[in-house]
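Below, each chain spelled out in residue letters.
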Amino acid sequence: MTTNDPINPTEGNLIPFLKKSLGTDQLEVLPLAGDASDRKYFRVIHRKNSWVLMKWHPFSDIENYPFLSVHRLFLQNKVLVPEVIAMEPDEGLVLLEDL
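Residues numbered from 1 in each chain as written. Predicted model: local features only at pLDDT ≥ 70, side-chain atom pairs only at ≥ 80, totals over all residues. Heavy atoms only, no water.

Enquirer: Can you help me understand the packing of aromatic side chains in this one?
Expert: The geometry of an aromatic ring pair is captured by the separation of the ring centres together with the interplanar angle, meaning the angle of the planes. This model, assessed by the stated rule, comprises 2 aromatic pairs. Seen in terms of ring centroids, Phe59 and Tyr65 are 3.7 Å apart; in terms of plane orientation they differ by 25 degrees. Their pairing is stacked. Judged by its relative accessible area of 8%, Phe59 falls in the buried class. Using a relative accessible area of 4% as the deciding quantity, one classes Tyr65 as buried. An aromatic cluster of at least three residues, connected via ring pairs, comprises Trp56, Phe59 and Tyr65. (Phe/Tyr/Trp six-rings, centres within 6.5 Å; stacked < 30°, edge-to-face > 60°. Buried < 20%, exposed > 50% of the residue type's maximum accessible area, 1.4 Å probe, protein only.)

Enquirer: Would you mind showing me how to read the side chain of Thr24 here?
Expert: Looking at the secondary structure, you find Thr24 in the loop between helix 1 (14-22) and strand 2 (28-32). There is a polar contact of 3.0 Å between the side chain of Thr24 and the backbone nitrogen of Gln26. Non-local contacts of Thr24, meaning those with residues more than four positions away in its chain, are made with Leu18, Lys19 and His46. (Helix = DSSP H or I, 4+ residues; strand = E, 2+ residues; numbered from the N terminus. Polar contact = N/O pair within 3.5 Å; in protein donor to acceptor, adjacent residues only side chain to side chain. Contact = heavy atoms within 4.5 Å.)

Enquirer: What exactly am I supposed to notice about helix 1 here?
Expert: Note that an α-helix has 3.6 residues per turn; residues three or four places apart therefore point the same way. All of the buried residues along helix 1 are Leu14, Ile15, Phe17 and Leu18. End-on view of helix 1: buried residues confined to an arc of 160 degrees, all on one side of the axis. As for helix 1, its buried residues are in contact with strand 2, strand 3 (40-46), strand 4 (49-55), strand 5 (84-88) and strand 6 (93-97). (Arc of directions from axis to C-beta.)

Enquirer: Would you explain the pairing of strand 3 in this entry?
Expert: The two faces of a sheet get side chains in turn, since along a regular strand they alternate between them. Bridging between strand 2 and strand 3 involves 5 bridges; their strand directions are antiparallel. Directly across from Pro31, in strand 3, lies its bridge partner Phe42. For strand 3 and strand 4, the ladder comprises 7 bridges, and the chain directions are antiparallel. Bridge assignment links Val44 to a residue of strand 4, and that residue is Trp51. Linkage of strand 3 to strand 4, two consecutive antiparallel strands, is achieved through a turn of 2 residues, within which Arg47 is found at a positive phi near 55 degrees. (Pairing = 2+ DSSP bridges.)

In structure tokens form, the structure reads like this:
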């Protein structure tokens, strides 16, 4: 596992979550530019595959988590959105397909 992140992706449950979700520890984790919120984004790379990891506030109500609510609304209206690969609500982690 390699990282180039000043935010330190090794804190918390991020690395174990990625290993469990993707079935490997041969990953490179790179920070991505954020947006105007306090969400953090990372590109996760394994060989020729990549995913996007979003880290935000922990959540317990998947139906009302803002990011997932908008994701669901877009899906219902046939807007192309990345597939949600895995989630760890207690850590605020959502692993997404990298479009």
